[in-house]
Amino acid sequence: MCGIAGILYKGSAAADAKVGKALIDMLDGCQHRGPDSTGFSLYRDPVPGHLRLRFIVGDGEDATAAIERVKTKLTEFQAKIVEEEHKGSSFAVLVKFDGDLQKFAFEMEHAAKLSSIGESLDIIKDLGGAYDVDNVYKIENFKGTHGIGHVRLATESDVAPEATHPFWATGFSDISIVHNGQITNYYKMRRRLEKRGYFFNTDNDSELIAVYLADKLKHGFTLKDALKTSIDDLDGTFSFLVSTKDEIGYAKDKLAAKPMVKYEDDKIIAIASEEVSLNRLFPGRALNTSEPAPGTYDTWQRSISA
C-alpha cells in the first residue's frame, strides 16, 4: 500500500501556485492507502545564501532541549538564524550559511532529528491524515512551484514522524523522494554508499533511493539519467517520485506491481498512485490520464514554458 502524489506547475502557472492545497487534496484522495502518517516536500523560490532546516523535536521538555541543542550547533557553524518556527513536533529555521553543506548536515543530525535541508525544500511530516497535518502546519497556505507527498501504511518500521515519508538525501540540498514499494537489495546498496562516506538516518529502504539519486547527481548525471540507472540498480517492486529544486521525476520498476497514474496539460504535470487523487484537482471533469509503462521513467522541469 502507501500512496504517493506530486505536482509541478509550468511556466507562468508556477507564480504563487497553491501547491499545498493541491497536495492536500491529492493525498486525501488516496488516504485509504496509508492512514498512519502524511508528509509533504514543498518547494519555493530560494533565498540566495540561505538554507532552510527542519527538525523533528517532539514536544514538551524534549522539544525545548532539542531546540536548544539545534541553536547551539548552529552557532558553532556560524549559521545565523533569520527566521524560526516551532509547530507540532517540528522546529524549522531559515539560516544564513555558506560553508560545507555535507559536514554541516551530518553535524546537525547530532543536535536533533533532521527532516530536510534546502535552499527551496521544506519537508513537513507527521502522524495522521493530510487534513490532520494541515491543521497543525497550515500546509494549505503554502504557495510555491512544485511538491511531492506521501501517505503511509507502516509495514517495516515504527509509526513515528521520523519514519514518515518524504525522505531527504542527507548531506545534499533540495533532493527528496516518496516511494511505494520495497527495495530488496537495500542492505547491499546501503553498504556501498556508506563506504563512500554517505550517512543514513533510518533503516527505511526509501531513504536509500534519495541518497542513491543524490550520489548520481553529484557525479554529473542528469536526473533523468539517474532515474534510468535506478531501474536496473534497485531490485524490488517500486514506484517513486523524486524532486529537486527545479525538477520532478518518476521511476517505475519492470514488474509494475505498484500503481501510478499521471495527468499533464500546458499548466501542470500531476502524478499519483490512483486516479482519484488527480480527479480531486479537477472536480467533475473527465481527465485524459495515462499509466506509465513498466520500467519507465521521466522528468519535468519547472522552467518549461506554458
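Small disclaimer: the values here were computed from a predicted structure and weren't measured.

## Some remarks on the overall build of the chain
Per the secondary structure count, the chain includes eight helices and 15 strands. The C-alpha radius of gyration of the chain comes to 18 Å, within 12% of the 19 Å expected for a compact globule of 306 residues. Over its C-alpha atoms, taken along the principal directions, the chain stretches across nearly 55 × 40 × 35 Å. By the burial criterion, 56% of the 306 residues in the chain qualify as buried.

## Things to note about the pairing of strand S10 (residues 176-183)
Burial analysis of S10 places six of its eight residues in the buried class, which makes it a mostly covered element. Pairing between strand S9 (residues 167-168) and S10: two bridges, direction antiparallel. Paired with Trp168 across the strands is Ser176, a residue of S10. As paired strands, S10 and strand S11 (residues 236-243) are joined by eight bridges and run antiparallel to one another. Bridging from a neighbouring strand, Gln182 pairs with Thr237 of S11.

## With respect to the packing of aromatic side chains
Counting across every chain of the model gives eight aromatic pairs. Seen in terms of ring centroids, Phe238 and Phe240 are 5.7 Å apart; in terms of plane orientation they differ by 35°. Their pairing is tilted. Relative accessible area serves as the criterion here: at 0%, Phe238 is assigned to the buried category. The positively charged end of Lys125 is found above the aromatic ring belonging to Phe167, 4.6 Å away from the centroid.

## Looking at the sheet that holds S9
With respect to topology, five strands assemble into an open sheet ordered S9-S10-S11-S12-S15, the strand pairing being antiparallel. Strands at the two margins of the open sheet, each flanked by one partner only, are S9 and strand S15 (297-301). In this structure, S11 lies alongside strand S12 (residues 247-252), joined through five bridges in antiparallel fashion. Paired with Ser243 across the strands is Ile248, a residue of S12.

## Notes on the environment of Val242
Here Val242 is to be found in strand S11. The buried category is assigned to Val242, whose relative accessible area is 0%. Taking the C-alpha atoms as reference points, Val242 and Ala14, 228 residues apart in sequence, are found 18 Å from one another. Other than its neighbours up to four places away in sequence, Val242 contacts Ile148, Ile175, Ser176, Ile177, Leu213, Leu223, Leu227, Glu247, Ile248 and Gly249.

## Details of the side chain of Glu207
Positionally, Glu207 belongs in helix H6 (residues 205-218). Of the side chains with opposite charge, Arg190 comes closest to the buried, unpaired Glu207, at an N-O distance of 5.5 Å. Within the local environment of Glu207, its side chain forms a polar contact with the side chain of Thr202, the two groups lying 2.8 Å apart.

## What about the layout of surface pockets?
Computed from the structure, the second largest pocket encloses a volume of approximately 280 Å³. Along the walls of the second largest pocket sit 17 residues, with Arg44, Arg52, Arg54, Glu85 and Asp122 positioned nearest its centre. Looking at the lining of the second largest pocket, the elements with two or more residues in it are strand S3 (50-56), strand S4 (80-87), strand S5 (90-96) and strand S7 (121-127). Top element by residues in the lining of the second largest pocket is S4. It accounts for four residues. Tallied by class, residues from the lining of the second largest pocket come to eight nonpolar, no polar and nine charged.

## Some details on empty space enclosed by the protein
All chains considered together, the criterion is met by one cavity of 30 Å³ or more. Its volume calculated, the largest cavity comes out at about 30 Å³. Arg54, Ile56, Ser90, Ser115, Ile123, Ile124, Lys125 and Tyr137 together form the lining of the largest cavity. Residue assignment for the lining of the largest cavity shows that the elements contributing at least two residues are S3 and S7. No other element matches the three residues that S7 contributes to the lining of the largest cavity.

The rules behind these values
Residue numbers here run from 1 along each chain, matching the order of that chain's written sequence. Reporting of local features is limited, given that this is a predicted model, to residues whose pLDDT is at least 70; pairs of side-chain atoms are given and counted only at 80 or more, and all residues count toward the totals for whole chains, interfaces and linings. To obtain the side-chain values, all non-hydrogen atoms of the structure were included, while hydrogens and water were left out. Strands are runs of DSSP state E lasting at least two residues, helices are runs of H or I lasting at least four, and both sets are numbered from the N terminus onward. Two things to know: the radius of gyration comes from C-alpha atoms, and the globule rule equals 2.2 Å times the number of residues to the power 0.38. Each residue is placed in one exposure class: buried if its accessible area under a 1.4 Å probe, protein chains only, is under 20% of its type's maximum, exposed if it is over 50%, and partly exposed if it falls in between. DSSP bridges decide pairing: two strands pair if at least two such bridges lie between them. Pairing of aromatic rings covers Phe, Tyr and Trp, the last through its six-membered ring, and needs centres within 6.5 Å; plane angles under 30 degrees mean stacked, over 60 mean edge-to-face, and all others mean tilted. A ring is considered to have a charge above it if a Lys NZ or an Arg CZ atom is located within 6 Å of its centre and within 35 degrees of its normal. Between two residues, a contact is recorded if the distance between any of their heavy atoms is within 4.5 Å. Under the counting rule used here, the positive set is Lys and Arg, the negative set is Asp and Glu, and His together with the chain ends is not counted. What counts as a salt bridge is simple: a side-chain nitrogen of Lys or Arg found within 4 Å of a carboxyl oxygen of Asp or Glu. Any N or O atom pair separated by 3.5 Å or less is treated as a polar contact, with the protein-specific requirement of one donor-capable and one acceptor-capable atom, and with residues adjacent in sequence counted only for side-chain atom pairs. Any residue with an atom within 4 Å of a point lines the site, the site being either a cavity, points on a 1 Å grid over the protein atoms alone where a 1.4 Å probe fits but cannot get out, or a pocket, an open set with protein on both sides within 12 Å along at least 5 of 7 lines. Grid points are joined across faces, edges and corners, and a volume is the space filled by probe spheres set on the points. Charged means Asp, Glu, Lys or Arg here, nonpolar means Ala, Val, Leu, Ile, Met, Phe, Trp, Tyr, Cys or Pro, and polar covers whatever is left, Gly included.

Any functional reading would require information that these geometric values do not contain.
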